[in-house]
Amino acid sequence: MKVRLLVQLVCTLLVGASSGSRTGQLQKACRPGFSQNFYTVIVSRDKLHGQGILKDTTLSSECVKFEDCQRSREVGFVSSDPKFSVRPDGTVYAEQEVANLSEPVQFMLTARGLHDPHIWETTVKLALAGHLHPLPLTKISFEEMLSRVWDPQPRVIKFSRRHQRGSSANGLRRQKRDWVIPPINVPENSRGPFPHMLVRIRSDQDKNDGIRYSITGAGADQPPSGIYNIDPISGNMFVTQPLDREEKASFHLRAHAVDMNGNQVENPVDLYIYVIDMNDNRPEFQNQVYNGSVAEGSKPGSSVMQVTATDSDDSTTANGMVRYRILSQIPETPISNMFTINSETGDIVTVAAGLDREKVSQYTVIVQATDMEGNNNFGLSNTATALICITDINDNPPELTVRTFSGEVPENKVNVVVTNLTVVDKDQPHSPNWNAVYRIVSGDPSGHFTIRTNPITNEGMLTVVKPVDFEMNRAFMLTVVVSNQAHLASGIQSSLQSTAGVTISVQDVNEPPVFPVNPKMIRFEEGVPAGTTLTVFSAQDPDHFIQQTVRYSKLSDPANWLKINRTNGQITTMALLDRESMYVKNNMYEATFLAFDNGKSGSPQASGTGTLQIYLIDVNDNAPVLIPREAQICEHSRPNSKINITASDTDADPNVGPFVFELPTFPASIRRNWTISRLNGDYAQLRLRISYLEAGVYEIPVIVSDSGNPPLSNRSTIRIKVCPCDNNGDCSATGAVAAAGLGTGAIIAILICIIILLSIVLLFVVWMKRREKERQAKPLLIDPEDDVRDNILKYDEEGGGEEDQDYDLSQLQQPESLDHIITKPTGVRRVDERPVVAESQYPVRSNLPHPGDIGDFINDVVVVGSLLEADH
């Protein structure tokens, strides 16, 4: 009874994209054809009936996928192996009974369209699960392996006779072959000799007619061309060179037979050539060095990292099946096999407990990848390095180096480091597991201290943040606890050494005297007389354990109103206190005083300052002042001829307004010509009582009184310019002169002054002219013929002035004869000699002067100089 076995197969994609990516590609540009160039079908053992596969057994459910972009194309599949075939829906089934699948079976699948000349091809490989390697892994020679692949006797392939067959289920008419040519297997990397004969192509008609054979296709007459050739007469087909499966795994050729005239005598024969894989490629790691990490204290089975190696050989055979193993581990602590690796996936995991970063921070593991399913005898191997870093966990609590720390700090100091708390932590430095956090748990209720962590040394800097007072606390006993930023790992307890005590001694220093109330404010009325005692501004010395004397001095007193008693701090006035002084701001006067001790016990003097604020209460000591002091008004009384007046008082409420404005009774003309009317408490109006007042400047006295108790009054004068006005009520040009205060009498006085000034100038000019005439009329002391420039000789000497009167005038006399001068050579001349040749500027005198003329000339010059000095 024929039993049909439904077989669920696993399809492995070797070449091409996945269905998901293929769908995305089809959305961009649809290309008809098989989804893959190579299909691998793994048949499970439980699909065998006994040791074979029955006819019509379904081996795959839609394993082979063909994309028909037109969706109306009628496509039929033809298998090169008569034992297996593919239905139009992609189902792989057995057409004949198959004895077993102990070795993989490959066949070529061709798709042809009924009305389309295109042909598509793919390769289908069937293998039994667990038997992917074609050869048993025994120690055999390379030649023996090749002998199992090469056909021992080249086969003879004859052109088949064909007859028509009825339409198939899908409507495609195909021809049933008498037999199907099995694929030709050629091992890669063959050593030859080449060319090596593969098969012989024969036609039944070559006995009668001369037949010529040829092959076409990729590898023959198409790139890569020249790999295969055929003897055109004998039909022997050869491979001419070694093949590389990693470059091309299969070839599809066609054999042709023609007569001597080139006419086809046989239909072409399809030849399928498969390159059988040899283990010629080592596994290659993606990286030579892999970095991974695992936390210390991890349990066995914790994942560390994954290493990956690829093999270019056929992954469906043992040649491409890579297995991993660990060769070495450095260091071998605590044991030599702390890690293991999944032989198939390359995942490295921990296999033992005891990882401790503080002992071993990094392991170096050498990993080996071997093909042939890890067989060390036949497989090829490669190695890579895995660096496994042991990451830190907080499994070591911080520990203080001593149980008790000590330090000292001067009182009243802040931001002072009292002591450094040293700590030891074995965890990763400068990480949250190592960084220390310090806390004061007792001994400092007022918060005088804090602990800051030094980021470099991890020490705790105990610092004063609030001043301490020796008189209040001479010492502190603190309890501090240290921990980490990160919590301790599970199961780790805090150490007893994480807690320590700190003893802090406070040093006494000479503190400055302190004013209990600072600033101190007192209230006094202004105007208190000098010598008045205001208050006692005393300070206290906080050094209770040192007997010192406090003394006082004045530091700042802007108005110099105050003085302080040196011993008791009593404040007394030296002058009248005036609230209206420029040194008083908002009724407040401030003075600063200094209190200092005598600095006993070898300590320097310490001083403190205190501020005294005196609030001055206002009294009515300032009379109001009239505002404005000047104004102008039209000489004719008009409705708008009014002057608004007010007053200013430097006092404060209630010693200011409302003000009272009134005109004095004397002189009587004031009230006869002017009148004042009240507007409000601070303002009044001054205007003319009569209809016309002569233009001029008038000074009108006004009495202003304030509202103090008792009130103060002030007689102020307002200067009013009365002037003629135009229609708009503005002073005219003539009125401007009058408004300036120039009356008729003033103008006459100015004119008289101008006349007098002009007379003085005229008399001065006349006097100057007369003096000039007198000077010209006075006779000359020297004869005009006596040219001074002709008689004065140059000497490079200076006299002694009036004291130099002892000189010999005979030396200045001219000689009687000039013969000795005339006979002198040309160009030689003394500076004290008269030139022989007449000069063009002055004529030569006819008569020589008398020798006594020069002496007379000098005497005359002296007399003239004396007269000129007398005139000045």
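Since we're looking at a predicted model, the values are computed, not measured.

Trainee: Which residues make up the overall build of the protein chain, and what values do they have?
Mentor: Tallying secondary structure elements over the protein chain gives 8 helices and 53 strands in all. Expressed as a percentage of the 872 residues in the protein chain, the buried residues total 36%. Once local pairs closer than 6 in sequence are excluded, the contacts in the protein chain between residues at least 24 apart make up 68%. As presented, the protein chain carries roughly 50,000 Å² of accessible surface, and 51% of it is formed by carbon and sulfur atoms.

Trainee: How would you explain the packing of aromatic side chains if you had to name every residue and give the values?
Mentor: Taken as a whole and judged by the stated rule, the model has 11 aromatic pairs. Residues Phe 285 and Tyr 324 carry aromatic rings whose centres are separated by 6.4 Å and whose planes lie at 50° to one another, so their mutual orientation is tilted. Here Phe 285, found in strand β21 (residues 284–285), pairs with Tyr 324, found in strand β25 (residues 323–330); they are 39 residues apart in sequence, far enough to count as distant. Residue Phe 285 shares its accessibility class with Tyr 324, and that shared class is buried. These aromatic residues form a ring-pair network of at least three members: Phe 515, Phe 537, Tyr 552 and Phe 593.

Trainee: Mind laying out the sheet that holds β25, listing which residues take part and the relevant values?
Mentor: Here 4 strands make up an open sheet; going across it, the order is β22-β29-β28-β25 and the pairing mixed. Single-partner strands in this sheet number two, and they are β22 (289–295) and β25. Across the sheet, the mean angle separating the axes of adjacent strands is 30° when strand polarity is ignored. Relative to strand β29 (residues 381–391), β22 runs parallel, the two being bridged by 7 bridges. In the strand pairing of β29, Val 289 is matched with Thr 385.

Trainee: Tell me about the pattern of salt bridges, residues and numbers included.
Mentor: Once their charged atoms are close, side chains differing in charge can pair, the charge on each being opposite to the other. The final tally for this structure, using the stated rule, is 10 salt bridges. A salt bridge links Glu 373 to Arg 323; its shortest N-O distance comes to 3.9 Å. Of this pair, Glu 373 sits in the loop between β28 (362–370) and β29 while Arg 323 sits in strand β25, placing them 50 residues apart in sequence. For Glu 373, a relative accessible area of 34% translates into the label partly exposed. In this structure, the salt-bridge partner of Glu 774 is Arg 770, at a minimum N-O distance of 3.7 Å. Of this pair, Glu 774 and Arg 770 both sit in helix α5 (residues 744–777), separated by 4 residues, roughly a single helical turn. Given the relative accessible area of 59%, Arg 770 is considered exposed.

Trainee: Any chance you could break down the state of the cysteines for me, citing the residues and the numbers?
Mentor: For the structure on display, the rule yields 1 disulfide. Disulfide partner of Cys 634: Cys 725, at an S-S distance of 1.9 Å. Across the disulfide from Cys 634 to Cys 725, rotation about the S-S bond amounts to roughly -105°, and the bridge is consequently left-handed. Pair noted here: Cys 634 is in strand β47 (residues 630–634) and Cys 725 is in the loop between β53 (713–723) and α4 (733–739), with a separation of 91 residues, a long-range link. A relative accessible area of 6% places Cys 634 in the buried class.

Trainee: Help me get a handle on a nonpolar patch on the surface, residues and values and all.
Mentor: Together, Leu 757, Val 761, Phe 764, Val 765, Trp 767 and Met 768 make up an exposed nonpolar region whose accessible area comes to about 610 Å². Structurally, Met 768 can be placed in helix α5. The class for Met 768 is partly exposed, based on a relative accessible area of 39%.

Trainee: Give a detailed account of the side chain of Thr 675, specifying residues and quantitative values.
Mentor: Relative to the elements of secondary structure, Thr 675 occurs in strand β50 (residues 674–678). Not counting the four nearest positions on each side in its chain, Thr 675 is found in contact with Leu 663, Gln 685, Leu 686, Arg 687 and Arg 689.

Trainee: I'd like a rundown of the nonpolar core, residues and numbers included.
Mentor: Grouped together as the largest cluster of nonpolar side chains are 26 residues, with contacts concentrated most on Ile 215, Tyr 228, Met 237 and Leu 271. Elements represented by at least two residues in this core include exactly β14 (184–187), β15 (196–202), β16 (212–216), β17 (228–230), β18 (236–239), β19 (250–258) and β20 (269–276). Ignoring any residue separated from it by four or fewer positions in sequence, one finds Ile 215 in contact with Ala 220, Asp 221, Tyr 228, Asn 229, Ile 230, Met 237, Leu 253, Arg 254, Ala 255 and Leu 271.

Trainee: So what about the sheet that holds β19? Which residues, and what values?
Mentor: The strand order across the open sheet built from 4 strands is β14-β20-β19-β16, with neighbouring strands paired in mixed fashion. Single-partner strands in this sheet number two, and they are β14 and β16. Between one strand and the next, the sheet's axes are offset by a mean angle of 30°, whatever the strand orientation. Two elements, β16 and β19, share 5 bridges in a ladder whose sense is antiparallel. Bridged to Arg 212 within β19 is Val 258.

Trainee: Tell me what's going on with the pairing of strand β52 (residues 696–705), and back it up with residues and numbers.
Mentor: Pairing of strand β49 (residues 660–662) with β52 involves 3 bridges; the strand directions are antiparallel. Across the sheet, the residue bridging to Glu 662 is Ile 703, located in β52. In this sheet, β53 lies alongside β52 in antiparallel orientation, the contact comprising 10 bridges. Its bridge partner lying in β53, Glu 699 is registered against Arg 719.

Trainee: Outline a positive patch on the surface, listing residues and values.
Mentor: Taken together, the side chains of Lys 642, Arg 671, Arg 687 and Arg 689 define a basic patch exposed on the protein surface. Here Arg 671 shows up in helix α3 (residues 668–673). For Arg 671, a relative accessible area of 39% puts it in the partly exposed group.

Trainee: With reference to specific residues and values, describe unusual backbone geometry.
Mentor: Residues apart from glycine generally show negative phi values, whereas peptide bonds are mostly found in trans. The omega torsion of the bond from Thr 333 to Pro 334 falls at -5°, within 30 degrees of zero and hence cis. Mapped onto the elements of the fold, Pro 334 is located in the loop between β25 and β26 (339–341). For the bond running from Phe 666 to Pro 667, omega is -5°, close enough to zero to count as cis. Positive phi is not limited to glycine here, since Met 372 has a value of about 55°. Take Met 372: it is sitting in the loop between β28 and β29.

Trainee: Requested: an account of the environment of Asn 261, with residues and values cited.
Mentor: Mapping Asn 261 onto the fold places it in the loop between β19 and β20. Along the chain, Asn 261 and Ile 211 lie 50 residues apart, while their C-alpha atoms are 9.5 Å from each other.

Trainee: Report on the confidence of the model for the protein chain, specifying residues and quantitative values.
Mentor: Detailed reading of the predicted coordinates is not advisable wherever pLDDT falls low. Overall, the prediction assigns the protein chain a mean pLDDT of 77, with 73% of residues at 70 or greater. Predicted confidence for residues 836–846 stays below pLDDT 50, and this span has 13 contacts to residues more than four positions away or in other chains.

So, how was this worked out
- Residues numbered from 1 in each chain as written.
- Predicted model: local features only at pLDDT ≥ 70, side-chain atom pairs only at ≥ 80, totals over all residues.
- Heavy atoms only, no water.
- Helix = DSSP H or I, 4+ residues; strand = E, 2+ residues; numbered from the N terminus.
- Buried < 20%, exposed > 50% of the residue type's maximum accessible area, 1.4 Å probe, protein only.
- Contact = heavy atoms within 4.5 Å.
- Areas by Shrake-Rupley, 256 points an atom, 1.4 Å probe, with all protein chains shown as cover.
- Phe/Tyr/Trp six-rings, centres within 6.5 Å; stacked < 30°, edge-to-face > 60°.
- Pairing = 2+ DSSP bridges.
- Axes fitted to C-alpha atoms, helices over the stretch in contact; angles between N-to-C directions.
- Salt bridge = Lys/Arg side-chain N within 4 Å of Asp/Glu carboxyl O.
- Disulfide = S-S within 2.5 Å.
- Patch = residues over 30% accessible without salt bridge, like charges linked within 9 Å, V, L, I, M, F, W, Y side chains within 5 Å.
- Core = buried A, V, L, I, M, F, W, Y, C linked by side-chain atoms within 4.5 Å.
- Lys, Arg positive; Asp, Glu negative; His and termini not counted.
- Charge placed at Lys NZ, Arg CZ, Asp CG, Glu CD.
- pLDDT = per-residue confidence, 0-100.

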